[in-house]
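# Reading the structure
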Amino acid sequence: VTKAGIFGWIFVLRFLFRMLLRSTGRVAISSGDYKFLLTSWQGPVILFIGLFSLFIYVALDLNTKIILSGKLLRGQKDSILQNLKEGFISLKKFLNPGGIGIIIYIAFIAPLVGVGFSISATNGLYIPSFITGVINHSRIYAPVYYAFMAAFAVFGISHLFILHGILLDDKTVKEAGRQSREIMKAHWKDYFLKTVLYFTRRTR
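Residues numbered from 1 in each chain as written. Predicted model: local features only at pLDDT ≥ 70, side-chain atom pairs only at ≥ 80, totals over all residues. Heavy atoms only, no water.

## Topic: the overall build of the protein chain
- Within the protein chain, the regular secondary structure consists of nine helices and zero strands.
- Traced from its N-terminal end to its C-terminal end, the protein chain shows the element sequence α-α-α-α-α-α-α-α-α.
- Here the C-alpha coordinates of the protein chain stretch approximately 55 × 50 × 35 Å along the principal axes.
- Taken over 204 residues, the protein chain has a buried fraction of 35%.
- Within the protein chain, residue pairs in contact and separated by at least 24 positions form 55% of the contacts whose partners lie at least 6 positions apart.
- Accessible area of the protein chain: about 13400 Å², with a carbon and sulfur share of 67%.
- Each charge class in the protein chain can be summarised by its mean position, and for the 24 positive and 9 negative side chains these summaries are 8 Å apart. (Helix = DSSP H or I, 4+ residues; strand = E, 2+ residues; numbered from the N terminus. Buried < 20%, exposed > 50% of the residue type's maximum accessible area, 1.4 Å probe, protein only. Contact = heavy atoms within 4.5 Å. Areas by Shrake-Rupley, 256 points an atom, 1.4 Å probe, with all protein chains shown as cover. Lys, Arg positive; Asp, Glu negative; His and termini not counted. Charge placed at Lys NZ, Arg CZ, Asp CG, Glu CD.)

## What to know about the environment of Tyr126
- Mapped onto the fold, Tyr126 is located in the loop between helix 5 (97-113) and helix 6 (129-136).
- Tyr126 gets classed as exposed once you look at its relative accessible area, which sits at 61%.

## Re helix 3 (residues 42-73)
- Compared with an ideal rise of 1.5 Å per residue, which puts 32 residues at 46 Å, helix 3 spans 45 Å between its outermost C-alpha atoms and is within 8% of the ideal.
- Residue Gly75 follows helix 3 closely and has a positive phi angle near 75°. (Expected span 1.5 Å × (residues − 1).)

## Description of the pattern of salt bridges
- Under the defined criterion, the tally for this structure stands at six salt bridges.
- Measuring nitrogen to oxygen at the nearest pair gives 2.7 Å for the salt bridge that ties Asp170 to Lys93. Here Asp170 is found in the loop between helix 8 (162-168) and helix 9 (173-203), whereas its partner Lys93 is found in the loop between helix 4 (80-89) and helix 5, with 77 residues between them in sequence.
- Close ionic contact of Lys194 with Asp190 constitutes a salt bridge, the shortest N to O distance being 3.5 Å. Of this pair, Lys194 and Asp190 both sit in helix 9, separated by four residues, roughly a single helical turn.
- One salt-bridge network, held together by shared partners, links Lys3, Asp61 and Lys65. (Salt bridge = Lys/Arg side-chain N within 4 Å of Asp/Glu carboxyl O.)

## Describing the nonpolar core
- Core analysis: the largest hydrophobic core is formed by 32 residues, its most contacted members being Phe94, Ile119 and Leu163.
- Counting residues per element, this core draws most heavily on helix 3, at twelve residues.
- Dropping the residues within four chain positions of it, Leu163 is found in contact with Leu62, Ile66, Phe94, Ile102, Ile106, Phe117 and Leu168.
- Of all hydrophobic cores here, the second largest spans twelve residues; its members include Val115, Ile157, Leu160 and Met184. (Core = buried A, V, L, I, M, F, W, Y, C linked by side-chain atoms within 4.5 Å.)

## A short note on helix 4
- Taken residue by residue, helix 4 has Asn83, Leu84 and Gly87 as its buried positions. Burial along helix 4 is one-sided: seen end-on, the buried residues are contained in an arc of 100°.
- On its buried face, helix 4 is in contact with helix 1 (2-22) and helix 3. (Arc of directions from axis to C-beta.)

## Let's talk about the packing of aromatic side chains
- Under the definition given, this model contains seven aromatic pairs.
- Seen in terms of ring centroids, Trp188 and Phe192 are 6.2 Å apart; in terms of plane orientation they differ by 75°. Their pairing is edge-to-face. With Trp188 and Phe192 both in helix 9 and four residues apart, the pair spans about one turn of that helix.
- On the basis of relative accessible area, Trp188 is assigned to the partly exposed category, the value being 43%.
- Through a chain of ring-to-ring contacts, three or more aromatic side chains come together here, namely Trp9, Phe48 and Phe52. (Phe/Tyr/Trp six-rings, centres within 6.5 Å; stacked < 30°, edge-to-face > 60°.)

So, in structure tokens, the structure goes:
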């Protein structure tokens, strides 16, 4: 059901983007079009729709599933529509700087770092090899790049349970983040042991 909802939203999204692009005489947007995004009225609208789409994806791809899983563990049963409704209602908890930061991490950073939840729309996101090649051969860029990746990985691991705190324990983003860090601090050895065992079994 959630995949069907995502498919339907992609259809609507493509229609909206095509309509906006046609109004500018363009057929596509490239990485060199940043000026267009900042100097035309269509640019901010496209950026807003893009950010709004990330919220829709998180509601369908993650929030609804976590809410459903939490209910199943407690022996509760609700209709699919009720779980979808709660998934969308939960988005209001992310309408703050911290919440938007979590959405951006889930959408763009988690797929690159390989740590934390990610959405299907950006799950295959990666940095092209020609860019990483330039970074790896630079004495300046390489340390900065890997420092950022390490920092994001630590952030992702320490906040693995932030969505659970927000959605299942009805906590704010700040409170859920603190709770997740405390959980990982207390159980990091067990987490790393099971992670190593998991990847060891997958490589066999």
